[in-house]
Structures are given as structure tokens and as C-alpha cells.
Amino acid sequence: MNLLFYMALAATAMETAACLICAHNLWRLDRDKFDFSRRKLFIGALMSGIMALVVVLGNLGMAVHNTPYFVLQPWIILLYMAMNIVMVLYPISVVRPDWLTTIRAFYLFLPTLILGGVYAWFTNKWTLLHTPEDIWVNILEPDVLARLIGLFLMIPYCLILFMLPYNFRDSSASKKWVWTYSMALLGLSLVHIALMLTNNPILYILMPLLAGAFYVLSTEYELELRIRPVALPAAPAVVRQENRNPEAILMETDLWARVNHLIEEDEVWRDPDLSLDEMSRLCATNVTYLSSVIKKNTGSGFKELINNKRVASVIMQIEQNPEADIQGAFFNAGYRSRTTAWRNFKEITGQSPADYKQNFKG
């Protein structure tokens, strides 16, 4: 028994190292402004690493033969249930980035919150279960039923990806990945369920090894294989409009027409003080709605839209008169900061204004 105990402790230490290293790499390489799925995987890896570290530190030097063993330990069940949900947030945001709203995330965690309240009610009233046989003898006890519900509730969470409609335009993962991730998470959950029901020492070794491997492989996929969108594409929004309120579509069309008029006819982008607030006032709408309409029609934000127009104006002035002063071109395009103008120009064209002017003349 002592040998198995220290083997389990070593396996948990390996899980700690694997998860914390994965969390570090995910955080260090998270540079995307549009796709936040990597951060959800980071949270899961970090929490798993911290939990495993607590287990290692809490068991160092513990005398195994004096340690009482219980099956269906309630708070461990609740903790793993919450962790299971966190592990589901990552693939949801990969497959359906627009589906995981704040309210839906709340509903995903709601069963855990309810069970947490139920478990708190049974504090100091738990039926002690030492063996799997004790479970069957006391299966009709309310606290035992509550624990079993929390334990087996993890299974439908593992299959939630199959319940979400798959659309390749929305997803940055293949159907094969959806199946693989879901089955791996289901396998991990089944091992945990067996561990909670039996307290089998072998499972104490297997569980952390599988959890560590799960995060290592998920991180490798995230960092090395998955092609992430650099921005939210406009095409899916057009597809989804089929089932939307026709009045809402008409309102968006009208607002985009007003934006186009202000940009193309009134050339408001030449105003160096133009802001999103000012633009929304000119359009007689609010900032949030205006930002949403611009994003759907251009695939980018308000600043990108204005900067693209300004840089296009600078390019046109250079091409119309290669001898013209670049500073004057910047001024006419609405820039009042040379640093900002040069930075925007190079970001959009890939070369400095001076190089562009020289290449055009040459």
C-alpha cells in the first residue's frame, strides 16, 4: 500500500508539472485579440495544476495506514464537476465562438451552484461510506443521492459538443477534433467516477497521469496545430441573418447606409478628432450598435475602418503627385501625429511611406 501511495503521489506531481507548464505556455503565447478560447484552456490547465499541487503538498509525509478512506467524498465530487465544466468551455469556444455568452456560461455552472447549496445543507450530516457496498446499502439516503447526481452529471457535459450545431464557417476545428476531444474528456470523467465509487489505489495513479496527458495534448493542438481566426469573419453573420427579425436587418442596412454616406460622401474620416462616440452621434445611434454593424460589414472595427481610409488617401495623394510632401498628405488625410501616421501606414501597406513613395517613383 505504501508503494502505491507514493506512486500516486509521484503521478500527481507529474500532473502538477505538466498542467502548470501548459498554463505558462498558453499564457505566454496568447496574443490574439479576437479568439479568446486559448484563455479558457489556460484557466483549466492552471486550475488543474494548482489542485494537483495542493494534493501533493497535503499528502507529503502522510502515514498511509492512518489515513481513513471514504468513497463519494462530496466536496471532491463538486470540485471535479466544476473542473469538468471549465474543461468544456474551451472546446465550445473553438467550435461555436458566438454561442458561449455570459448567460449561457452561467447556466452551465448553475447545477454546480445548486449542488453546492445542497451539499452545504448536509454539512456534518453526511452518511459515511467506506466501501462500494455502503453506497448500495444507503443509496436512498438524500445525501447519497445528491452525491451520485453530482458525480454522474459530468457525463452529459462531456457530450455537449455533439449537441451544438456544427458549422465550418464558425468553427476553427474539424468534426474529427470535436469527436476526439469529447471522447477523451468522457474517458477522463469515467475514470474519475470509478475512482470516487471505489477508491481503487490504481486509479489514484491512473487519474493524474491521464489528466496531465489530456492537457499536454490539448495544449499541443492549440499552440501547434489549430489555425485560429485573426478576426471574426463577416460571412457567418450574413448566413445567420436568415433567421433574424426582418426589422432588425432593415435597421442594420439603414445604419450601414448612413455610415457609408458619412465615410464616402462627407469624408468624416478627415476630421482628426473623429471618434466612435462622435460617429455614433452623427448616425443617431449608440456606440455598441454602431460597432456591431461596422464589424459585420467590414470584419474589423471602427479604428481599422478610419485608418484604412486615411492610408488609402495618403497613397492616392502620393500616386497623384509623387513629389508632394508626405507630411501634407498625412495632414489632409486627418492625421495629426507623425508617429501614428507612419505606424498605421506601415501596418496596412507593409512598408514605410518613404519606401512606398520611392518604389512608386522608381
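Residues numbered from 1 in each chain as written. Predicted model: local features only at pLDDT ≥ 70, side-chain atom pairs only at ≥ 80, totals over all residues. Heavy atoms only, no water.

A.B. asks: I keep staring at the overall build of the chain and nothing clicks. Help me out?
C.D. replies: Helix and strand counts for the chain stand at 18 helices and zero strands. Here the chain holds 362 residues, and the buried ones make up 42% of them. Long-range pairs, those at least 24 residues apart, make up 72% of the contacts in the chain with a sequence separation of at least 6. Total accessible area on the chain stands at roughly 19,800 Å², and carbon and sulfur atoms take up 64% of it. (Helix = DSSP H or I, 4+ residues; strand = E, 2+ residues; numbered from the N terminus. Buried < 20%, exposed > 50% of the residue type's maximum accessible area, 1.4 Å probe, protein only. Contact = heavy atoms within 4.5 Å. Areas by Shrake-Rupley, 256 points an atom, 1.4 Å probe, with all protein chains shown as cover.)

A.B. asks: Sorry if this is basic, but what is going on with a nonpolar patch on the surface here?
C.D. replies: Residues Leu20, Leu46, Ile50, Leu53, Val54, Leu57 and Leu60 make up a contiguous nonpolar surface patch of about 600 Å² in total accessible area. The element contributing the most residues to the nonpolar patch is helix α2 (residues 37-59), with five residues. Within the fold, valine 54 resides in helix α2. (Patch = residues over 30% accessible without salt bridge, like charges linked within 9 Å, V, L, I, M, F, W, Y side chains within 5 Å. Salt bridge = Lys/Arg side-chain N within 4 Å of Asp/Glu carboxyl O.)

A.B. asks: When you look at the packing of helix α1 (residues 2-28) against α2 in this model, what are you seeing that I'm missing?
C.D. replies: Angle between the axes and distance between the axes: these two values describe a pair of packed helices. Two numbers describe how α1 lies on α2: the axes approach to 7 Å, and their chain directions differ by 150°. If you check the angle between α1 and α2, you find them roughly antiparallel. Handedness of the crossing formed by α1 with α2: left-handed. (Axes fitted to C-alpha atoms, helices over the stretch in contact; angles between N-to-C directions. Parallel < 35°, antiparallel > 145°, perpendicular 65-115°, else oblique. Left-handed = near helix turned anticlockwise from the far one by under 90°.)

A.B. asks: How do you make sense of the packing of aromatic side chains when you look at a structure like this?
C.D. replies: Aromatic ring pairs: the centre-centre distance and the angle between the two ring planes describe each pair. All told, the structure shown has 14 aromatic pairs when counted by the stated rule. On the numbers, 5.2 Å between centres and 40° between planes, the contact of tryptophan 27 with phenylalanine 42 is tilted. Of this pair, tryptophan 27 sits in helix α1 while phenylalanine 42 sits in helix α2, and the two are 15 residues apart along the sequence. Here phenylalanine 42 falls in the buried class, since its relative accessible area comes to 17%. With a centroid separation of 6.0 Å and an interplanar angle of 90°, the aromatic rings of tyrosine 90 and tryptophan 177 are classed as edge-to-face. Of this pair, tyrosine 90 sits in helix α3 (residues 74-95) while tryptophan 177 sits in helix α9 (residues 175-198), and the two are 87 residues apart along the sequence. Of the two residues examined, tyrosine 90 and tryptophan 177, each falls in the buried class. In this structure an aromatic cluster arises from ring pairing among Tyr90, Trp177, Tyr181, Phe214, Tyr215 and Tyr221. (Phe/Tyr/Trp six-rings, centres within 6.5 Å; stacked < 30°, edge-to-face > 60°.)

A.B. asks: Sorry if this is basic, but what is going on with the nonpolar core here?
C.D. replies: Within soluble globular proteins, side chains that are nonpolar generally end up buried alongside one another. Core analysis: the biggest nonpolar cluster contains 60 residues, and Leu72, Ile92, Leu108 and Trp177 have the highest contact counts within it. Broken down by element, this core gets its largest block of residues, 12 residues, from α3. Core analysis: the next-biggest nonpolar cluster, separate from the first, contains 16 residues, Val259, Val268, Leu274 and Phe302 among them. (Core = buried A, V, L, I, M, F, W, Y, C linked by side-chain atoms within 4.5 Å.)

A.B. asks: Explanation requested: the side chain of threonine 127 in the structure shown.
C.D. replies: With respect to the secondary-structure elements, threonine 127 resides in the loop between α4 (102-121) and α5 (132-137). Look past the residues within four positions of threonine 127 in its chain and what remains in contact with it is Asn138, Glu141, Asp143, Val144 and Arg147.

A.B. asks: What is the right way to look at the pattern of salt bridges in this model?
C.D. replies: Between side chains of opposite charge, a pair can form as their charged atoms come close. The tally for this structure, following the rule as stated, stands at six salt bridges. Here arginine 270 and glutamate 267 are joined by a salt bridge, their closest N and O atoms 2.8 Å apart. By relative accessible area, glutamate 267 is classed as partly exposed at 30%. For glutamate 278, the salt bridge goes to arginine 281, with nearest N and O atoms at 2.7 Å. Placement of the pair is glutamate 278 and arginine 281 together in helix α13 (residues 276-282), with a separation of three residues, close to one helical turn. Residue glutamate 278 is classed as partly exposed on the basis of its relative accessible area, which comes to 26%.

A.B. asks: Looking at this model, I keep getting lost on unusual backbone geometry. Mind explaining?
C.D. replies: Note on backbone geometry: most residues besides glycine have negative phi, and most peptide bonds are trans. Phi is positive for leucine 72, which is not a glycine, with a value near 50°. Along the chain, leucine 72 turns up in the loop between α2 and α3. Note on leucine 72: relative accessible area 0%, which makes it buried. A positive phi angle is found at alanine 284, which is not glycine, with a value near 60°.

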